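Breakdown of the fold
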Number of protein chains: 2
Amino acid sequence: MSDRPIGIFDSGVGGLTVCKAVNELLPAENIIYFGDTARFPYGTRSVETIVRYSREISAHLISRSVKMIVIACNTSSAAALDRLRDELPVPVIGVIDAGARAACARHVAGPIGVIATRATVGSESYVRAIKKIDAGREVLQRQATLFVTITEEGLIDSEIARLAAREYIGDMHLRGVRTLILGCTHFPLLKRAILDVYPDLDLVDTGVEIAHEVRATLHKKNLENIGDPSHKGIIELYASDITDTLQRLKNMFFCKNDAKIEKLIISG
Amino acid sequence: MSDRPIGIFDSGVGGLTVCKAVNELLPAENIIYFGDTARFPYGTRSVETIVRYSREISAHLISRSVKMIVIACNTSSAAALDRLRDELPVPVIGVIDAGARAACARHVAGPIGVIATRATVGSESYVRAIKKIDAGREVLQRQATLFVTITEEGLIDSEIARLAAREYIGDMHLRGVRTLILGCTHFPLLKRAILDVYPDLDLVDTGVEIAHEVRATLHKKNLENIGDPSHKGIIELYASDITDTLQRLKNMFFCKNDAKIEKLIISG
């Protein structure tokens, strides 16, 4: 057992949905969250740049003595997970494997759909992760970059959101997709808009799924924080840029948790 | 006179519209363009961070012996122009003054409208620049962040673009705006979509306007590159991240100019 914190990082505030899910499932664990808001979004950057950013953040988290690292960002998981696993002295897990496993476990017929950022789609990481579990399964992917901005602009229940859902999901839906992985931490906030247009879709929220993987990993490595069951873990939130809209987004992704976000420049 | 290059920088590729306008008006001038694609977009970041990024880029351009610096990015012009002017040994001009002057010169009755990023709107820079020319003029502003993503995703002639135009411009138009400043280098690409919805708007393209200011400044300071009139200036393009979509965007913003974009990490 260990009371060292769990390190969670994301390209921005979207990963707070993961932070929230981990905290709900494992309330005794201490968490250090870092959102790279000064360099957000990662989803349109090159793999090389995403790997560099992910390494810088991981090095910082290791210096803060974290016992494991959770890559809450789909884009970063796709680009950097294998490398960070090789390089770092603690367990590293990413949202992609968790999402792929959950989608396959739904046992819905037809192809599995994935909507994500350009970088995640380009990496084919979801396709590989799903094929590793179910080699014959067809996977249809589509980049849905506009959904990120629509979410951050608070237009989650707008006609624009529904129009974008038709643009991004229409073709997949026609081709038989009924299980859809929301392959970006922002997209769970668009669930209602997506289901308004396509009510027969089964949506996979990778944030919820990875919390279970965190618990399993800590248990396996005997790293759980076991003690007084009423003990509440400390959550520290950091971001590389603090903007006027950060608080608004924090509340949107993390509900009205009182934790304050502090500024921390890692590089750049 | 001087054959030293003109330095132009932007948060990404949008400033290539400025680069193109300067090159068309002043074909003999050498140009070094830097797009900070690894840290794009600036429009949602804090003023402090935007100033830091702008200083890093300017220091690099100065080390390349530029004779003047053009801030092609509205967000950076709003946040950093005054400070860079104080700190740097060469003339520095920004798109905001040029846009404000052009809008006032249109002599169209009613308030002047401005659509821009959150940071530019929050800075009130266009409001101040317009009031300096025409103190009694009413200015209506609106952030239009979604337009940036819509442009970069190539959805410039889509129903989503027109719906976003209604969302962002509808209220201003109702309140009498007929002159609208496109306060972000991306927005000129949405001219058609905007005019489809509001054909009576007079749109101000700040990229075109600033090219004239570059010429005037070089002339005043005796820094023009005067020589053989058939001489063609050299254009060097740099970006801090090279992605698959960069070439597509380069062509969209810069037409099919043959100049290749090379990678240059300035910081971060």
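Nothing here was measured: the structure is a model prediction, and the numbers come from that model. (Residues numbered from 1 in each chain as written. Chains lettered and ligands numbered in written order. Predicted model: local features only at pLDDT ≥ 70, side-chain atom pairs only at ≥ 80, totals over all residues. Heavy atoms only, no water.)

1. Some details on the interface of chain B and chain A
This is how the line gets drawn: Whether two residues are in contact is decided by their heavy atoms: any pair within 4.5 Å suffices. When two parts are put together, the accessible area they lose, computed with a 1.4 Å probe and summed over both, is reported as buried area. In what follows, salt bridge is the name for a side-chain nitrogen of Lys or Arg lying within 4 Å of a carboxyl oxygen of Asp or Glu. Think of a polar contact as two N or O atoms within 3.5 Å of one another; within protein, one of them needs to be a possible hydrogen donor and the other a possible acceptor, and neighboring residues in sequence only count if both atoms come from side chains. Under the DSSP-based scheme used, a helix requires at least four consecutive residues in state H or I and a strand at least two consecutive residues in state E, with every element numbered from the N terminus. Think of it as three bins: nonpolar holds Ala, Val, Leu, Ile, Met, Phe, Trp, Tyr, Cys and Pro, charged holds Asp, Glu, Lys and Arg, and polar takes everything else, Gly as well.
Contacts between chain B and chain A engage 35 residues on the former and 35 residues on the latter. Of the roughly 2800 Å² buried between chain B and chain A, counting both surfaces, carbon and sulfur atoms make up 52%. In this assembly, chain B and chain A are joined by 4 salt bridges. Glu153 of chain B is paired through a salt bridge with Arg118 of chain A; the nearest N and O atoms lie 2.7 Å apart. The interface formed by chain B and chain A holds 19 residue pairs in polar contact (both at pLDDT 80 or more) in total. Those elements that place two or more of their residues in the side of chain B that touches chain A are helix 2 (47-63), helix 7 (145-152), helix 8 (159-174) and helix 11 (244-254) of chain B. Classifying every residue of the side of chain B that touches chain A by side-chain character gives 12 nonpolar, 11 polar and 12 charged.

2. As for the sheet that holds strand 6 (residues 139-143) of chain A
Residues and elements named next belong to chain A. Put simply, the rule is: Two strands pair under a simple rule: DSSP has to find at least two bridges between them. The axes used here are C-alpha line fits, helices contributing only the stretch in contact, and every angle between their N-to-C directions lies in the interval 0 to 180 degrees.
Read from one edge of the open sheet, 4 strands run 6-5-7-8, paired in parallel fashion. Since the sheet does not close on itself, it has two edges, and those belong to strand 6 and strand 8 (202-205), each with one partner. Each strand of the sheet is rotated relative to its neighbour by a mean of 25°, with strand direction disregarded. Of the strand pairs in this sheet, strand 7 (residues 179-183) and strand 8 are connected by 4 bridges, and their pairing is parallel. Across the sheet, residue Leu180 finds its bridge partner in strand 8, namely Leu203. Helix 8 (residues 159-174) contacts strand 5 (112-116), strand 6 and strand 7 of the sheet and is inclined by roughly 165° relative to strand 6.

3. Thoughts on the relation of the copies chain B and chain A
Inclusion rule: C-alpha atoms of residues with pLDDT of at least 70 in both copies form the basis for the least-squares superposition of the copies.
Its rotation angle being 180°, the transformation that places chain B on chain A also includes 0.0 Å of axial translation and leaves an RMSD of 0.0 Å. The transformation relating the two chain copies, once decomposed into turn and shift, fits a two-fold axis. Same-surface contact between copies: 97% of interface residues of chain B are shared with the interface of chain A.

4. With respect to the confidence of the model for chain A
Basically, it comes down to this: pLDDT is a per-residue confidence score from the predictor, ranging from 0 to 100.
Counting all residues, the mean pLDDT for chain A is 92, and 98% of those residues have values of 70 or more. Averaged over each element, pLDDT in chain A is lowest for helix 11 (residues 244-254) of chain A (80) and highest for strand 3 (residues 68-71) of chain A (98).

5. Examining the sheet that holds strand 5 (residues 112-116) of chain B
Residue and element names in this part refer to chain B. Read from one edge of the open sheet, 4 strands run 6-5-7-8, paired in parallel fashion. Looking at which strands have only one partner, the edges of the open sheet turn out to be strand 6 (139-143) and strand 8 (202-205). Taking the axes of each pair of neighbouring strands and ignoring which way they run, one obtains an average angle of 25° across the sheet. Those strands touched by helix 4 (residues 95-105) are strand 5, strand 7 (179-183) and strand 8, and its axis lies near 170° from that of strand 7. Helix 8 rests against strand 5, strand 6 and strand 7 of the sheet, and its axis sits at about 165° to strand 6.

6. What to know about the pattern of salt bridges
When the charged atoms of two side chains with opposite charge come close together, those side chains can pair. In plain terms, the rule: For every residue, the accessible area obtained with a 1.4 Å probe (protein chains only) is divided by the maximum for its type, and the residue is called buried under 20%, exposed over 50%, and partly exposed between those limits.
Evaluated as defined, the whole model comprises 38 salt bridges over all chains. Between Arg106 of chain A and Glu209 of chain A there is a salt bridge; the shortest N-O distance is 3.5 Å. On the criterion of sequence distance, the pair formed by Arg106 of chain A in the loop between helix 4 (95-105) and strand 5 and Glu209 of chain A in helix 10 (residues 206-220) is long-range, its members being 103 residues apart. For Arg106 of chain A, a relative accessible area of 27% translates into the label partly exposed. According to the relative accessible area criterion, Glu209 of chain A is partly exposed, its value standing at 23%. With its nearest N and O atoms 3.5 Å apart, the salt bridge here joins Arg142 of chain B to Glu167 of chain B.

7. Examining the environment of Val127 of chain A
All names here are of chain A. The topology assignment puts Val127 in helix 6 (residues 125-133). The buried category is assigned to Val127, whose relative accessible area is 14%. When the C-alpha positions of Val127 and Glu138 are compared, they lie 8.5 Å apart, and in sequence the two are 11 residues distant.

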